[in-house]
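What follows is each chain in one-letter form.
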Amino acid sequence: MQMLCTLRRWLRRLEPRVRDQLAGTMLARAVPWMEQRALFRFQREPLARGVAAGMFCGLIPGPLQLLGTVGACGWLRGNVVAGGITTFYTNPLTTVPLYVLAFQMGSLVLPGEQTMPAWNASGPAGVFSVEALATWMQALGTPLLVGLPVLGLVLAVLGYGLVQALWLAPAVQRGRRWQRARALRGQA
């Protein structure tokens, strides 16, 4: 619990530094708009919205993840830094398992029985190739296209809830300590 309190204090001290950095860049004219939208506020609600946006947009292919996250954070009034960092949960090691999970979720949503194509990422020389991965992803088809947004929504809700719970956990624990202390004083 001490670590969560330390993280919260660190984030609160980070906010003025981020604002100072923005004031000296060509984005200085956009600072009032960004401030109105809470894009760089390190408080519970903007952080939770930023993490949710990052979890959802992390499933977007390639370099569009960060652009999508910035747009979603602007729309949802979430923290851009938290959203951008959160998108890194997708990487070369996690992409295939996430796509398999998205395919399974899409299969549950779509009518009929969907079968997953066999995974074969080796190219003509027997080594991993990006072309073989792209061919496999295309073979996943409609269940993947339906499953990616569904998985993104599930991950966004889980990320939002996790940030809310972690942020409020020290306050809940402090309230319980106060209640125990009051009960002990009442017994004495």
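Summary of the structure given here.

Looking at the packing of helix α3 (residues 44-57) against helix α7 (residues 130-187)
In the contact formed by α3 and α7, the axes pass within 7 Å of each other and the chain directions differ by 155°. By the angle between their directions, the pair α3 and α7 is classed as roughly antiparallel. Note on packing geometry: the crossing formed by α3 with α7 is right-handed. On the side of α3, the interface is formed by R44, E45, L47, A48, R49, V51, A52, M55 and F56, while α7 contributes P149, G152, L153, L155, A156, G159, Y160, V163, Q164, W167 and L168. Looking at the contact of α3 with α7 residue by residue, the class counts come to 14 nonpolar, three polar and three charged.

Some details on the nonpolar core
Counting 31 residues, the largest nonpolar core has L47 and L151 as the members making the most contacts within it. Mapped onto this core, the elements with two or more residues apiece are α1 (2-23), α3, α4 (64-76), α5 (80-86), α6 (95-109) and α7. Ranked by the residues each element gives to this core, the list is headed by α7, at nine residues.

Re the environment of Q138
Within the secondary structure layout, Q138 lies in helix α7. Separated by 21 residues in the primary sequence, Q138 and P117 have C-alpha atoms spaced 9.9 Å apart.

What about the side chain of T87?
Here T87 shows up in the loop between α5 and α6. The residues touching T87, leaving out its near neighbours within four places in the chain, are G54, G58, Q65, L66 and T69.

Things to note about α4
An α-helical turn contains 3.6 residues, so a residue and the one three or four places further along point in the same direction. If you check α4, its first and last C-alpha atoms are 18 Å apart, about what 13 residues at 1.5 Å a residue would give, namely 18 Å. Restricting attention to buried positions, one finds in α4 the residues Q65, T69, A72, C73 and G74. The elements touched by buried residues of α4 are α3 and α5. Phi turns positive one or two residues past the end of α4, at R77, with a value near 60°.

Each value, and the rule that gives it
- Residues numbered from 1 in each chain as written.
- Predicted model: local features only at pLDDT ≥ 70, side-chain atom pairs only at ≥ 80, totals over all residues.
- Heavy atoms only, no water.
- Axes fitted to C-alpha atoms, helices over the stretch in contact; angles between N-to-C directions.
- Helix = DSSP H or I, 4+ residues; strand = E, 2+ residues; numbered from the N terminus.
- Parallel < 35°, antiparallel > 145°, perpendicular 65-115°, else oblique.
- Left-handed = near helix turned anticlockwise from the far one by under 90°.
- Contact = heavy atoms within 4.5 Å.
- Nonpolar A, V, L, I, M, F, W, Y, C, P; charged D, E, K, R; others polar.
- Core = buried A, V, L, I, M, F, W, Y, C linked by side-chain atoms within 4.5 Å.
- Buried < 20%, exposed > 50% of the residue type's maximum accessible area, 1.4 Å probe, protein only.
- Expected span 1.5 Å × (residues − 1).

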